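# Tertiary structure, described
Here are the chains, one letter per residue:
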Amino acid sequence: MANITFSSPKMKKDVTVYATAGDTHTLLLIAQNNKIPVEFECENGECGSCCVEVQILSNKTPMGIALTEKEKVALRLAGKITKEQIADAEEKDLPPPYRLACQFIARNEDVLVKF
Ligand code: FES
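So, here's what we can say about the structure.

Conventions we followed
- Residues numbered from 1 in each chain as written.
- Predicted model: local features only at pLDDT ≥ 70, side-chain atom pairs only at ≥ 80, totals over all residues.
- Heavy atoms only, no water.
- Helix = DSSP H or I, 4+ residues; strand = E, 2+ residues; numbered from the N terminus.
- Buried < 20%, exposed > 50% of the residue type's maximum accessible area, 1.4 Å probe, protein only.
- Contact = heavy atoms within 4.5 Å.
- Pairing = 2+ DSSP bridges.
- Axes fitted to C-alpha atoms, helices over the stretch in contact; angles between N-to-C directions.
- Core = buried A, V, L, I, M, F, W, Y, C linked by side-chain atoms within 4.5 Å.

A word on unusual backbone geometry. Non-glycine residue Glu43 carries a positive phi angle of around 60°. Looking at the element boundaries, Glu43 is found in the loop between helix H1 (27–33) and strand S3 (51–56). With a relative accessible area of 44%, Glu43 lands in the partly exposed category. In this structure, Asp93 takes a positive phi of about 55° despite not being glycine. For Asp93, the position within the fold is in the loop between helix H3 (83–92) and strand S4 (98–100). Looking at Asp93, the relative accessible area reads 28%, which means it is partly exposed.

Following this line, the structure appears as structure tokens:
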């Protein structure tokens, strides 16, 4: 079970939703299901419009960071991730600060999502 807290100047207050264990929905789908106004266009990891800041709140060692190839390209083009951050994510499981909501799948850890 993971708490996903969405925070944005577009919302009157932060909203926390619960992703159940084994839930493989993307952050974007979870946001849409809870009427949270995360921007999106392609829903396919290509346009970069759903870029959000993701902060892991758990004290545990971050779980495996899975960036899709599309996500790496879109974040690089948007200037939201460096080659070093991609390497750190893949080799050391260090989470990068920005993710694409349409590609990120919440794991069993609490996160704060800013957009
Ligand atoms: Fe286009 Fe996520 S909606 S990259």
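Having seen the structure, we can now continue with the description.
Our focus in this paragraph is helix H2 (residues 69–77). Glu71, Lys72, Ala74 and Leu75 are the residues of H2 that are buried. Packed against the buried residues of H2 are S3, H3 and S4. After H2 finishes, the residue Gly79 shows a positive phi value of roughly 70°.

The next thing to look at is the sheet that holds strand S1 (residues 2–7). Spatially, five strands are ordered S2-S1-S5-S3-S4 in an open sheet, and the strand pairing comes out mixed. For this open sheet the edge positions go to strand S2 (15–19) and S4, each flanked by a neighbour on one side alone. Strand-to-strand twist of the sheet, defined as the mean angle between neighbouring strand axes without regard to direction, takes the value 35°. Two elements, S3 and strand S5 (residues 111–114), share four bridges in a ladder whose sense is antiparallel. From the neighbouring strand, Val54 faces S5, where its bridge partner is Val113. Packing of H2 onto the sheet brings it into contact with S3 and S4, and relative to S4 it is tilted by some 125°.

Core analysis: the biggest nonpolar cluster contains 30 residues, and Ile4, Phe6, Leu27 and Val38 have the highest contact counts within it. Breaking this core down by element, the ones donating at least two residues are S1, S2, H1, S3, H2, H3 and S5. Of all the elements, H1 adds the most residues to this core, at four residues. Not counting residues up to four positions away in its chain, the partners in contact with Phe6 are Met11, Asp14, Val15, Val17, Leu27, Ile30, Ala31, Ile36, Val38, Val113 and Phe115.

What follows is about the pairing of S1. Burial of S1 is extensive: five of the six residues sit out of reach of the surface. Bridge analysis of S1 against S2 gives five bridges, and the strand direction is antiparallel. Within S2, the position partnered with Thr5 by the bridge is Thr16. Examined bridge by bridge, S1 and S5 share four bridges and lie parallel to one another. Bridge pairing links Ser7 to Lys114 in S5.

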